[in-house]
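Notes for the structure review
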Amino acid sequence: MKIDRRQFVSGAAIGAAALATPSLLRAQGAPIKIGEINSYTSQPAFLKPYRQGWELAQEQVNAAGGVLGRKIETLFRDDAGKPEDSVRLAGELINAEKVDLLSGGFLSNVGLAIADYALQNKRLYVASEPLSDAIVWAKGNRYTFRLRPSTYMQAAMLVEEAAKLPAKKWAIVAPNYEYGQSAAKWFKELLKKARPDVEFVAEQFPALGRIDAGATVQAIEAAKPDAIFNVTFAADLANFVRQGNTRGLFEGRAVASMLTGEPEYLDPLGAEAPVGWIVTGYPQADIQTPDHVKFREAYRAKYNDYPRLGSVVGYDTMNAIAAGLAKAGTTDNEKLVDALKGLKFTSAFGPVEFRASDHQATLGAYVGKTAVKNGKGVMVDWRYADGAKYLPSDAEVKALRPAG
Amino acid sequence: MIDLIFAQTLNGLASASSLFLVACGLSIIFGVTRIVNFAHGSFYMLGAYLAFTLVSYFGGSEALGFWGGVVLAALIIAVIGALVEITILRRIYQAPELFQLLATFGLVLMVQDIALAIWGAEDKLGPRAPGFKSFVLLMGSRFPTYELFLIVVGPIMLALLWFLFQKTRWGTLVRAATQDREMVGALGVNQRLLFTSVFAFGAGLAGLGGALQLPREAVNLHMDLSMIAEAFVVVVVGGLGSVTGAYLAAVLIGVIHAFGILIFPKITLVLVFLVMAVVLMVKPYGLMGKRPVGSAHAHGPVEPLLLPASPAAKGLGLLALALLLVAPFIVADHWLLTLTELSIFALFAASLHLMMGPGGMASFGHAAYFGLGAYGAALAVKWLALPMLPALVFAPFLAGIAGFVFGWFCVRLSGVYLAMLTLAFAQIAWATAFQWVDLTGGDNGILGVWPAAWASSKLVFYYLTLAICVVFVLLLRVFVFAPFGYALRAGRDSPLRAEAIGLPVMRIQWLAFIIAAFAAGIAGSLFAFFKGSVFPTYMAIPRSVDALLMVLLGGVQTVSGPIVGAFAFMGLQEQLAKATMYWRFVLGASIVLLVILFPRGLVGTTLALAERRREDGGAAPAATPEPAR
Amino acid sequence: MTPVLEVRNLGKSFGGVRAVDDVSFQVEAGKLLALIGPNGAGKTTCFNMLNGQLPSDRGEVILAGRRISGLKPREVWRLGVGRTFQITATFASMSVRENVQMALISHAGEIWKLFGRAKDRHVAEADALLQQVGMLDQAERACGVLAYGDLKRVELAVAIANQPKLLLMDEPTAGMAPRERIALMALTAEIARQRGIAVLFTEHDMDVVFAHSDAVLVLDRGRLIAQGKAEEVRNDPAVRAVYLGSGATSGGH
């Protein structure tokens, strides 16, 4: 049975959504409860839009009658960025609140902790955001699915473009934690495969959130690379860009950069946004596919703000869960897991599938170049890179994923 | 090569300036008021945010608008500092040592949510400074003029401060108070005004440090915590209360940072703490610090007598234990998870209390031993394939051995220097767990550390945890009342007298350190099996701070305080986080309120009140701590 | 009879200034020897070298025939040297009795015991000592709240708990009322004779010195300028010169 979001939301006027009051819910039988754990207080820049996207989707689903004849209710919990707290919250949600399934996770280690808890307690966990490859591969398990394109996928998207450049000598700057390290690792490995003639002349791993930007820029400059691969984001990125601009690090050098095209990270740079960087991101204002336009308009109508990438992830995770529930026809977690394998649903970016082989969604990202227009950073010359194309084959996955 | 060395030296000097301003304020505040001001990073962050707003309002492209905004931001922060001192800190100067730290930590939490509410979640990249937007060519490479400006600001501020402290009456008073607190009281100086002005001045310096970062760094919600640890390092490396020392230390840290990333790009996380550990081992009072005059203790009250529990208190403890024992039959299932966690934290807090209370050694890095216990358990399961029980036995030894090694260095110091060295060691342990990916899995941790099948039910694991925690908490309590515990307290009360009656104070403190580390390791190993996984966050600074808060909140001079503190603090945090997304603000405000209402901690103040009532009744004065449980 | 304490050519310099210069003397069991001199004469420095708090530059300290120079304070204590301080040093968070018990526990080598209540150890012995210094009725009180004179008594009890051969008292009566001074020194003299303890004390109050010392040593700028019976020293012209104009009977403190 293939169900997509449109079947739930068809005919649902946005304004009608506000009618979904708790008393109404009870009248229709107990709601389906989702326990959503995320680092709301420690990563608000991403997770506030995330929660808004989520609530938008939930409102739409419920306005269209819910799933299985029941409304969906979400219990949001803040892990404050600590994996050990996320495990406590998972226990509380399952045992005390009797939620039907778990979702969320921003940091990779939080995602891994919940995933392991899910395995131990045989509960479905839909990891929305954590990028670590381990979540679906090395530490993958039957109960865990992941929505966002992983570190590997985003690195692969950038390598595709980077390999076309004449640059031979590359430098890397990445935050010193798992995401930064594995992004650097995959980029090196994949680029070497595509271009055996490249070499890596410098690697900088500043502590996350603590970049010593001037010294880092100087150290990279000293290695005289042809091109730079950047993995830093948020405040680190801003500091790196400003020092790099002043010191001329980016002049005459190509830069490939993870996530920099996401509004969360591009917008704060304002007029100082870098120009001509090859980035993965989300050019929200320019994507005119029907699915996205509908999402964007609904989001704008509800929040009077434009969506960030977090909004998309929250919105899609909620919709993926709803689609999975509808397909399974039950909240029984074993059946739900089986239903999620190979589940097809429509995201704001178009049709997506949870691969049966490794539980990774084929949600993609937009790859393009940065530019500055009207004093703001934007993405130009972008294209949608479908996640399915950047994932290893099922046969390769077998070797990567011991859990099968 | 030479040009790179030159450039990196300049980079180091540039980043030293803001660090110097912040650390210098912190140092002066500590010197005069003896407050370990955790909120100093918050002043720095607020300074940056305020500068962003003011500069945007006045127009950042105009020199007047920009610099006016920066200076005004610093002044506003000074006013905020004064208000904080007058409304909160002034009420608790008489509290035990380090207690004020609780209040400042409450402020940190409140400011985090306030900043989020006012300025939103997005990072703010401020304008470049008028007149310093470009670069100059230095030995062939471009160097931003603003960085040059910052390099000059450092020594200028140092000179101004030097003048202020050497040539003005206020400065002389500040120096005198830093050297010898009792003397200032004796001089008949208006102490209140001095304290308020010093706090405001220090806060203003932090605000200025933050505001000056505006053209250099995106203003964000994590600035407070990323600055505070480094500022403490600078203060301690430089020597408490020494402005010149703070400048030297800031330059040292800045330059070492700039070169460190050339040589060991991955070690930046821990480099500053390594430097601090080495400096403290060689110069126990920092580069320019002096051995404090007079007693090491601050202005807190005399520690009360430690008497065994009265029958009533014993009854209360037994009742509490009985309640915990029958809890599974009364409360809903999921409460067992909370109670399990609280029991573990109670043991963790009790272990720190042995050091802090009877030992008089405050630790800012106690999570190291908790984390090593957890890692011990996880490594035993993962690499040695040990079952749960042998792993639980093995794990605390890893923590104990670390306590043995780290403790040897730490007991040679005292007061805040000791506390900072424990922090340095904790950061080194944390960095090891974080960086040694092959062994520890790095920040992705070690998964699958679940209890043995027989103990996997919530009920069994709860009883197992409760049994182990109760036994070791009681054991710690027994130690406190045993000759060893007395000898430990003797060393705390008067090292001079203790040595004069044959007590090897350092060795006694060392053993207490090891025991505390071992007990924390037990708590950590239980925590690992309870959570099913271990992560470097187990030994990160926030976990150490949690332990500190639990002990202080309960009352550092009472044996049962840490247990009450653990239940109160962690329980409060858990419930608030469930109730509101603004739990940090509410928790912070609750802490500040509790600190004002219970200036000796929850148990300490209750006991003091009970004692006063008894004294009013004419009975012999005696403090009667409640039993451990 | 070998003297309890023999000091030979003791010397100490601080940055070129000779704080203690070539000082030699002896103390015998049961005798009280007063060490006097104006402020800065080197009395406390001398004391601190005797019990190991400060290493000496030159000379020897011999306790009952055994060389103790270079030992740590706690090692010196083990060999039988008790000490009181100019500013009393007691354990403020412990009761009067516990302070004495602590010394007894240490003397008995029990400090590493992790089990058993410290409070229950050596109670009778502690009480006997407190009885002797007249503090038994305040045994339960915390030292942190005692009057200064009482603290001095507690310190005395603590200092003699290990049955020392030698008792060092740095300004034992400083800060006390005249009546208390006499009482405390009378008590000390009694204990010293009863137990055969040699006592070396520094003192500003000449009334105390002349009333209670068996012999007097006079230090001036680090040098021993006179020693002997109190009357002899009192009439010594060198001593008179030193004390002239600086308050012959009661120095400042």
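Computed from a predicted model, the values in this text were never measured in an experiment.

1. Regarding the overall build of chain C
Broken down by element type, chain C carries nine helices and ten strands. Relative to the compact-globule value of 18 Å for 253 residues, chain C shows a C-alpha radius of gyration of 18 Å, a close match. Considering chain C as a whole, with its 253 residues, one finds that 47% of them fall into the buried category. Considering only contacts in chain C between residues 6 or more positions apart, those separated by 24 or more positions represent 66%.

2. Overview of the overall build of chain A
Secondary structure assignment for chain A yields 14 helices and 14 strands. The C-alpha radius of gyration of chain A comes to 21 Å, within 12% of the 22 Å expected for a compact globule of 404 residues. Across its three principal axes, chain A shows a C-alpha extent of roughly 70 × 45 × 35 Å. For chain A, the residues scored as buried account for 64% of the 404 residues in total. Taking the contacts inside chain A whose residues are at least 6 apart along the sequence as the reference set, 70% of them involve residues at least 24 apart.

3. Structural notes on the confidence of the model for chain C
Residue and element names in this part refer to chain C. Across chain C, the average pLDDT comes to 89, with 96% of residues at 70 or higher. Across residues 245-253 the pLDDT falls below 50, and counting only partners more than four positions away or on other chains, this stretch makes 14 contacts in the model. Here the predicted complex carries an ipTM of 0.91, next to a pTM of 0.91.

4. Comments concerning the domain arrangement of chain A
Residue and element names in this part refer to chain A. Assigned domains within chain A: domain 1 (5-150 + 287-363) and domain 2 (152-286 + 365-395). Centre-to-centre separation of domain 1 and domain 2, based on C-alpha positions: 29 Å. Taken together, the 22 residues of domain 1 in the interface contact 22 residues of domain 2. For the side of domain 1 that touches domain 2, the elements supplying multiple residues, two or more each, are helix H3 (44-63) and helix H12 (309-328). The dominant element in the side of domain 1 that touches domain 2, judged by the number of residues it contributes, is H12, at three residues. For the side of domain 1 that touches domain 2, the per-class residue count stands at twelve nonpolar, seven polar and three charged.

5. A few points about the domain arrangement of chain C
As assigned here, chain C comprises domain 1 (1-80 + 166-174 + 198-253) and domain 2 (85-163). If you look at the interface, domain 1 of chain C gives eight residues, while domain 2 of chain C gives six residues.

6. Some thoughts on the interface of chain C and chain B
Taken together, the contact pairs 33 residues of chain C with 28 residues of chain B. Counting residues per element, the ones that place at least two in the side of chain C that touches chain B are helix H2 (73-78) and helix H3 (96-107) of chain C. In terms of residues, the side of chain C that touches chain B owes the most to one element, H3(C), which gives six residues. Taken together, the residues of the side of chain C that touches chain B sort by class into 17 nonpolar, seven polar and nine charged.

7. Thoughts on the arrangement of the chains
Sorting the two pairs of chains in contact by contact count puts chains A and B at the top. There is a clear gap between chain A and chain C: no contact, and 34 Å between their nearest C-alpha atoms.

8. A closer look at the packing of helix H8 (residues 213-222) of chain A against helix H1 (residues 2-33) of chain B
Running from N to C, H8(A) and H1(B) cross one another at 165°; their axes reach a closest spacing of 9 Å. Relative to H1(B), H8(A) is oriented roughly antiparallel. For H8(A) against H1(B), the interelement crossing comes out right-handed. For the pair formed by H8(A) and H1(B), the contact residues are A:Gly214, A:Ala215, A:Gln218 and A:Ala222 on the first element and B:Leu4, B:Ala7, B:Gln8, B:Asn11, B:Gly12, B:Ala14 and B:Ser15 on the second. For the contact of H8(A) with H1(B), the residue count by class is five nonpolar, six polar and no charged.

9. A short note on the packing of helix H10 (residues 243-263) of chain B against helix H11 (residues 268-282) of chain B
All names here are of chain B. Between H10 and H11, the shortest axis-to-axis distance is 10 Å and the interhelical angle comes to 140°. Taken together, the axes of H10 and H11 are oblique relative to one another. Both H10 and H11 take part in a crossing whose hand is right-handed. Where H10 approaches H11, its residues Leu252, Ile253, Ile256, His257, Gly260 and Ile261 are matched on the opposing element by Thr268, Leu271, Val272 and Val275.

10. Some remarks on helix H4 (residues 123-133) of chain C
Because each turn of an α-helix spans 3.6 residues, side chains separated by three or four positions end up pointing in the same direction. Residues and elements named next belong to chain C. Within H4 the residues assigned to the buried category are Ala126, Leu129, Leu130 and Val133. Along the axis of H4, the buried positions cluster into a sector of 100°, meaning they face one direction only. Each element contacted by the buried residues of H4 is listed here: H3, helix H5 (148-159) and helix H6 (178-195). Gly134 lies just past H4 and shows a positive phi near 75°.

11. Notes on the environment of C:Ala108
Following the sequence through the fold, C:Ala108 ends up in the loop between H3 and H4. Separated by 14 residues in the primary sequence, C:Ala108 and C:His122 have C-alpha atoms spaced 9.5 Å apart.

12. Points about the sheet that holds strand S2 (residues 72-78) of chain A
Residue and element names in this part refer to chain A. Taken together, the five strands give an open sheet; going across it, the order is S2-S1-S3-S4-S5, and neighbouring strands pair in parallel fashion. Of all the strands in the sheet, the pair left with one neighbour each is S2 and strand S5 (144-146). On average, each strand axis in the sheet is inclined to that of its neighbour by 25°, with strand direction left out of account. When strand S1 (residues 32-38) meets strand S3 (residues 101-104), the two strands line up parallel, connected through four bridges.

13. What to know about the sheet that holds strand S8 (residues 227-230) of chain A
Residues and elements named next belong to chain A. Pairing within the open sheet is mixed, and its seven strands lie in the order S7-S6-S8-S9-S10-S13-S14. Both edges of this open sheet fall to strand S7 (199-204) and strand S14 (376-385), since each of them pairs with a single strand only. Sheet twist, expressed as the average angle between the axes of neighbouring strands with direction ignored, equals 25°. Sitting on the sheet, H8 is in contact with strand S6 (169-173), S7 and S8, with an inclination near 165° to S7.

Thresholds, definitions, all that
Residues numbered from 1 in each chain as written. Chains lettered and ligands numbered in written order. Predicted model: local features only at pLDDT ≥ 70, side-chain atom pairs only at ≥ 80, totals over all residues. Helix = DSSP H or I, 4+ residues; strand = E, 2+ residues; numbered from the N terminus. Rg over C-alpha atoms; globule rule 2.2 N^0.38 Å. Buried ≥ 20, exposed ≤ 12 C-beta atoms within 10 Å, placed from the backbone. Contact = placed C-beta atoms within 7 Å. pLDDT = per-residue confidence, 0-100. Domains from an automatic or database assignment. Nonpolar A, V, L, I, M, F, W, Y, C, P; charged D, E, K, R; others polar. Axes fitted to C-alpha atoms, helices over the stretch in contact; angles between N-to-C directions. Parallel < 35°, antiparallel > 145°, perpendicular 65-115°, else oblique. Left-handed = near helix turned anticlockwise from the far one by under 90°. Arc of directions from axis to C-beta. Pairing = 2+ DSSP bridges.

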